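These are the residues of each chain, in order.
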Amino acid sequence: MRDDPPPRRVLVEVRELQMHFPIHAGILRRRVGAVKAVDGVSFDIHEGETLGLVGESGCGKSTCGRALLRLYEVTGGRILFDGQDIARLGPRELRAMRPAMQMVFQDPQASLNPRMTVAAIIAEPLDEHTALSKADKLARVYELMDAVGLSRDFANRYPHEFSGGQRQRIGIARALALNPKFIVCDEPIAALDVSIQAQVVNLLEDLQERFGLTYLFISHDLSMVRHIADRVAVMYLGKVVELAPRDALYNAPLHPYTQALLSAVPDPDPAAEAVTERIILEGDVPSPANPPAGCNFCTRCPQAMEICHREDPEFREVAHGHHVACHRYNEAEDEFASAMATHEARERNQQGED
Amino acid sequence: MSENKAAPTGDSPALPRPPRSQWRDVWDQFKKHRGALIGALIFLSILLGVFLGPLIYPQDARLVPTGRDFIRLRDMRPIYVLLWDSGAKVDWAHPLGTDNIGRDLLARMMLGGQVSIAVGLAAMALSVVLGTAIGVLAGFFRRLDGPLMRLTDLFLALPLLPLLLVAVLLFREPLKAAFGVEGGIFVLIVTLVGLTSWMQTARIVRGDVLALKEREFVLAARSIGTPPRRMIPRHILPNVLSPIMVSATLGIASAIITESALSFLGFGFPPDFPTWGRLLNDAVDRMQLFPERVIWPGLAISLTVLSVNYIGDGLRDALDPRIRGR
């Protein structure tokens, strides 16, 4: 990663990010534990790229995205944005940083105040951070509405008068208002129809090209992430288990969880779909309040070894830009090589079968 | 709301309309609510009658006739009684009759209405402002939630009537000195009624704010960096308006009633000073002989409360963009 072919600047650097929500119980409301929603997550986001963050429901993706913007008070770790540690900034400095980092929310209905007009919603960031005159503000609002493909006639309307896709465009326009560098897209397409999903994703890509945006794209839709992301991080139970360039991850997933996750993606071709071997995981996700000892995934891992129940695997780079947290690749180098080899062999077999 | 519906109009050279004032929309919608319009009309005519009526109407509300006039003028029936009882004691100068010491009922209703409506509106305003402020603070700032809600519980647990009586005894004299006899009592009653009726509003508002705070648009505003002092008026208050409106309109009625209860116990306005509640209480004893003395003040209270309720209803609908335009 340090020697990526295009040496891109690291915009966001997350190190050992922890976000624990305390659990209080009993008459005295004493703290009896914590839900470890995000538990020691590290990754970099390069300027201008899209990092996809995938995982099943409740694995901490959204919490991670929100913690990144300091919408929660993080429990531990560092979030370096342009060299500044967001996790420790005071309220005033944080407010000054806000324009550079914005968010697009999952539910476009809930993320727009039903009592404000579209113009007022899009202008809110301008009201907060700029001293534009009324006319300039309106001009900027119209410009943003053009950019996201909303008719200017809609400025006086209220959110309930729009369809889901249009509402999401309003949310995107609001996020763009202050010319941010970095946008966290928190499942921006999960609440939309499939036909609208493509529109919104294409819009996000266009905007990225036009304004040089950097995205953290949180989603559980693996095919959509494959379409939009440059690199992909896979989360399981509060931890990133694998982080790799898109093609490497989709073609040769290393972590058993990633393999299982990818095997669940349906194939549009019925013939291919019929022969796909699914890796069915047994059991349920353990509670993030009480994660298992050792590797978080050891309770469901089809390839678990004895060491997995004892020691938490280290998250390390095993190939160029390919990070994984699994003991299988922490063994001696030759064993790792053989694992890679069997993988590649399997890949080749599968491709041969196609 | 299809996406291409507005596309042709967008191409036309006509400039998009600049954002309209929200209050224009609100007024447009309010006009469409028939109940609210009728309510507003009735409330306005009650206000006019009560405040301008005494200027036209010649009778003095507080004059007790003496000597032979006392016998002649007391216990007069309203003129409409002539319809079924041609021998009734009526006088065109006293269209609603007089009470048992010869004071004109219509004049007393006008004077009483001024006080009752003023007490109702002022006490309601005080209790709604207090209740909303405490509810919003408790709901929005977690640290204040415990203390403020325990304070609310404390007020709810207080026995109100004894408390009011003690407060009246303690503060009547100093307030009289400061604001005059009637002014002092007015301030006292408004403050007391306001201070003892905000708790329901506070609880309801707190509950709504707690729910609102978790909505994504509040999170979105936080990600923009909106500080709480602008978050509350911009995002929280407009969305808790409905329960506030409801408790405000109900509050007027209960303020009028509480004032009459206080007057009845002898701790409100002086006995010769009419309010709607006092007129009712005075007339209860001989209700069967003189039903008009109960009916008219009762009707005035009901009409006021009802019309305010309808106005509140219309306002609430007009302020909600989701209902607007229907």
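Check the entry above for the structure.
Everything numeric here is computed off the predicted structure, so don't read it as measured data.

J.: I tried to follow the overall build of chain B on my own but got confused; where do I start?
T.: Within chain B, the regular secondary structure consists of 14 helices and 0 strands. Along chain B, helices (α) and strands (β) appear in the sequence α-α-α-α-α-α-α-α-α-α-α-α-α-α when read from the amino end. Taken against the 2.2 N^0.38 rule, which gives 20 Å for 326 residues, the C-alpha radius of gyration of chain B at 25 Å runs more than 25% over that of a compact globule. Dimensions of chain B, computed from C-alpha atoms along their principal axes, come out at roughly 85 × 50 × 35 Å. Each of the 326 residues in chain B was classed as buried or not, and the buried ones make up 45%. Summed over its atoms, the accessible surface of chain B is roughly 16700 Å², and 67% of this surface lies on carbon and sulfur atoms. Here chain B contributes 35 positive and 26 negative side-chain charges, whose respective centroids are spaced 7 Å apart.

J.: Would you take a moment to explain the sheet that holds strand 3 (residues 50-54) of chain A for this structure?
T.: Backbone-to-backbone hydrogen bonds join strands into a sheet, with any given pair of strands oriented parallel or antiparallel. Residues and elements named next belong to chain A. Pairing is mixed across the open sheet formed by 8 strands, whose spatial order is 6-7-8-3-9-10-12-11. If you trace the sheet from one side to the other, it starts and ends with strand 6 (101-104) and strand 11 (316-319), each paired once. Between one strand axis and the next, the sheet turns through 25 degrees on average, direction left out of account. Direction of pairing for strand 10 (residues 239-245) relative to strand 12 (residues 322-324): antiparallel, over a ladder of 2 bridges. Note on strand 12: the bridge partner recorded for E242 is V324. Each of strand 3, strand 9 (231-236) and strand 10 touches helix 9 (residues 256-263); the most contacted strand, strand 9, lies at about 105 degrees to it.

J.: Please clarify how the pattern of salt bridges should be interpreted in this entry.
T.: A side chain of one charge can pair with a side chain of the opposite charge if their charged atoms are brought near each other. Going through the model one piece at a time under the given rule, you end up with 36 salt bridges over all chains. Measuring nitrogen to oxygen at the nearest pair gives 3.1 Å for the salt bridge that ties R95 of chain A to E128 of chain A. One end of the pair, R95 of chain A, is in helix 2 (residues 91-97); the other, E128 of chain A, is in helix 3 (residues 118-129), with 33 residues separating them in the sequence. Three or more residues joined by partner-sharing salt bridges are found here, namely R95, E124 and E128 of chain A together with R230 and R234 of chain B.

J.: Would you take a moment to explain the environment of A178 of chain B for this structure?
T.: Tracing the backbone through its elements, the reader meets A178 of chain B in helix 7 (residues 160-179). Counting along the chain gives 121 residues from A178 of chain B to L299 of chain B, while the straight-line C-alpha distance between them is 34 Å.

J.: Before we go on, may I ask you to explain the interface of chain A and chain B in this structure?
T.: When the parts of a complex come together, some accessible area is lost, and that lost area is often taken as the interface size. Counting from both sides, the interface comprises 42 residues of chain A and, opposite them, 37 residues of chain B. Here chain A meets chain B over a buried area of about 3500 Å², counting both sides, of which 49% is carbon and sulfur. Here chain A is connected to chain B by 5 salt bridges. Of the charged contacts in the structure, one is a salt bridge between E216 of chain B and R66 of chain A, with a shortest N-O distance of 3.3 Å. Linking chain A with chain B are 17 residue pairs in polar contact (both at pLDDT 80 or more).

About the cut-offs
Residues numbered from 1 in each chain as written. Chains lettered and ligands numbered in written order. Predicted model: local features only at pLDDT ≥ 70, side-chain atom pairs only at ≥ 80, totals over all residues. Heavy atoms only, no water. Helix = DSSP H or I, 4+ residues; strand = E, 2+ residues; numbered from the N terminus. Rg over C-alpha atoms; globule rule 2.2 N^0.38 Å. Buried < 20%, exposed > 50% of the residue type's maximum accessible area, 1.4 Å probe, protein only. Areas by Shrake-Rupley, 256 points an atom, 1.4 Å probe, with all protein chains shown as cover. Lys, Arg positive; Asp, Glu negative; His and termini not counted. Charge placed at Lys NZ, Arg CZ, Asp CG, Glu CD. Pairing = 2+ DSSP bridges. Axes fitted to C-alpha atoms, helices over the stretch in contact; angles between N-to-C directions. Contact = heavy atoms within 4.5 Å. Salt bridge = Lys/Arg side-chain N within 4 Å of Asp/Glu carboxyl O. Buried area = accessible area lost by both parts, 1.4 Å probe. Polar contact = N/O pair within 3.5 Å; in protein donor to acceptor, adjacent residues only side chain to side chain.

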